[in-house]
Amino acid sequence: MKLRQIGRRKLRVGCNVGRTLITACLFFLLTGTVLIGLARRESVRISGGRKRIMITAHRGASHGAPENTGASVELAIEERADYAEIDVRLTADGVPVLMHDRALFRTTGVVNEIDKVTYAELSSYDVGCRYAEKFAGETVPCLQEILEKYGRKIEFNIELKDGESRELAESVVTLIESYGLEERCVVTSDSYVQLEWVKKANSSIKTGYILSMVFGEIFHCDAADIFSIKSDYVTLQLVQSAHARGKEIHAWTVNKDYETERMMELGVDNIITDRPAYVREILQNNQR
């Protein structure tokens, strides 16, 4: 009799332990599901947060027109980009012009460097015919021409390319001010000192620090309102840290659907792309 009672007690204990284990497993499973759900909702909240993601056409809409030209800016406008990113350098006579490389050969076919030629010489070079026959006659424009013609049609991300040229920074600020475009232009550079010069000349102009990769704390850089970062190095933690400090994250150069979707989920403020219409379509499809 006693043996049976002991056996029953062991059985009851075993059942209770089993029920406890099952309950614990269900608790952890449900808790995990809730946490995953919260993480997903947080991701959606970030991507659909304070404002919509802006789109910047890289070197103008350079997928369909010669880069850094009036034609590429016009295409960016047609494709409903929010910004046209343009690269600016100084000619030998100090004129800010649209040109990415210091060497002229890739876009003009001329063996020379931009700081060795005057604006009059540069404007005689054809940069369109090397891209496609229909663009023959397209020349290197000066920044003044672009701001005068398109400054009220699209906003600009003006990248300073001349290393640590204070003359370039101050010349660009002067042109922005002369057309009253302080609220429609962002000035960016991979040289932090140039951003400091821009801020000293006009603190109301937004500035962006261009970084190929990110290590350590970067948001103490007071002269930068924006951090323009290669998309491979953009993370959720980076975006959240920037936003917590009132900074923006612009991601470059994003041309693939999966990378566009990743930037959307991370909640970046601006996507820089060669293909603005394509990226806009992806963003719109993912917001439905």
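The rules behind these values
Each chain has its residues counted from 1, following the order in which its sequence is written. Whole-chain, interface and lining totals are the exception, using all residues; otherwise, since this is a predicted model, local features are given only for residues with pLDDT of at least 70 and side-chain atom pairs are given and counted only at 80 or more. Neither water nor hydrogens contribute to the side-chain values; these are computed over all heavy atoms in the structure. Strands here are runs of E lasting at least two residues and helices are runs of H or I lasting at least four, both read from the DSSP assignment and numbered beginning at the N terminus. Take the number of residues in a helix, subtract one, and multiply by 1.5 Å to get its expected span. Throughout this description, buried means an accessible area under 20% of the type-specific maximum (1.4 Å probe, protein chains only), exposed means over 50%, and partly exposed covers the range between. Should any heavy atoms of two residues lie within 4.5 Å, those residues are counted as being in contact. Each aromatic pair joins two rings of Phe, Tyr and Trp (for Trp, the six-membered one) with centres within 6.5 Å, and gets the label stacked for planes under 30 degrees apart, edge-to-face for over 60, and tilted for any other angle. Criterion for a charge above a ring: Arg CZ or Lys NZ at most 6 Å from the ring centre, at most 35 degrees from the ring normal. The quantity called pLDDT is the predictor's confidence in a given residue, expressed from 0 to 100. Throughout, right-handed denotes a crossover for which the path from the first strand over the helix to the second runs clockwise when the strands point away from the viewer. Strands qualify as paired when DSSP identifies two bridges or more between them. Every case where a carboxyl oxygen of Asp or Glu lies within 4 Å of a side-chain nitrogen of Lys or Arg is listed as a salt bridge.

Enquirer: Provide a residue-level description of helix α6 (residues 166-178), including the pertinent values.
Expert: With 13 residues, α6 extends 18 Å from end C-alpha to end C-alpha; this agrees with the ideal 18 Å at 1.5 Å per step. Where α6 is concerned, the buried positions are L168, A169, S171, V172, V173, L175 and I176. Buried residues in α6 make contact with β2 (83-90), β3 (96-98), α5 (143-150), β4 (155-160), β5 (185-189) and α7 (192-201). The first or second residue beyond α6 is G180, which carries a positive phi of 60°.

Enquirer: Just give me the short version of the packing of aromatic side chains, but keep the residues and values in it.
Expert: On inspection of all chains with the given rule, the structure shows three aromatic pairs. Geometrically, the ring pair formed by Y131 and F135 is edge-to-face, given 5.7 Å between the ring centres and 75° between the ring planes. Relative accessible area serves as the criterion here: at 36%, Y131 is assigned to the partly exposed category. Over the aromatic face of F105 sits the side chain of R130, whose NZ or CZ is 5.2 Å from the ring centroid. The ring centre of Y278 lies 4.1 Å from the NZ or CZ of R275, which sits over that ring.

Enquirer: Can you lay out the confidence of the model for the protein chain for me, pointing to particular residues and giving the numbers?
Expert: Looking at the protein chain as a whole, its pLDDT mean stands at 87, while 82% of the residues score no less than 70. Here residues 20-50 is modelled with pLDDT under 50, and outside its nearest four sequence neighbours on either side it reaches 12 contacts, counting other chains as well.

Enquirer: Please give an account of the pairing of β5 that cites residues and values.
Expert: Of all five residues in β5, five are buried; the element is thus mostly enclosed. Residues of β5 alternate between two faces, with C185, V187 and S189 on one and V186 and T188 on the opposite face, all of them buried. In this region the chain leaves β4, passes through α6 and returns to the parallel neighbour β5; the handedness of that crossover is right-handed. By the bridge criterion, four bridges tie β5 to strand β6 (residues 206-211) in an arrangement that is parallel. Across the sheet, V187 pairs through a bridge with T207, a residue of β6.

Enquirer: Quick rundown of the pattern of salt bridges? Include the residues and the values.
Expert: The final tally for this structure, using the stated rule, is 18 salt bridges. Between D82 and R280 there is a salt bridge; the shortest N-O distance is 3.2 Å. One end of the pair, D82, is in the loop between α2 (70-78) and β2; the other, R280, is in helix α10 (residues 276-287), with 198 residues separating them in the sequence. Neither D82 nor R280 differs from the other in exposure class; each is buried. The partner of R102 in a salt bridge is E113, with the nearest N and O atoms 3.4 Å apart. On the criterion of sequence distance, the pair formed by R102 in the loop between β3 and α3 (105-108) and E113 in the loop between α3 and α4 (119-122) is long-range, its members being 11 residues apart. Owing to a relative accessible area of 38%, R102 belongs among the partly exposed residues under this scheme. You can call E113 partly exposed: its relative accessible area is 27%. Salt bridges sharing partners connect three or more residues here, namely R59, E67, D87, D101 and R106.

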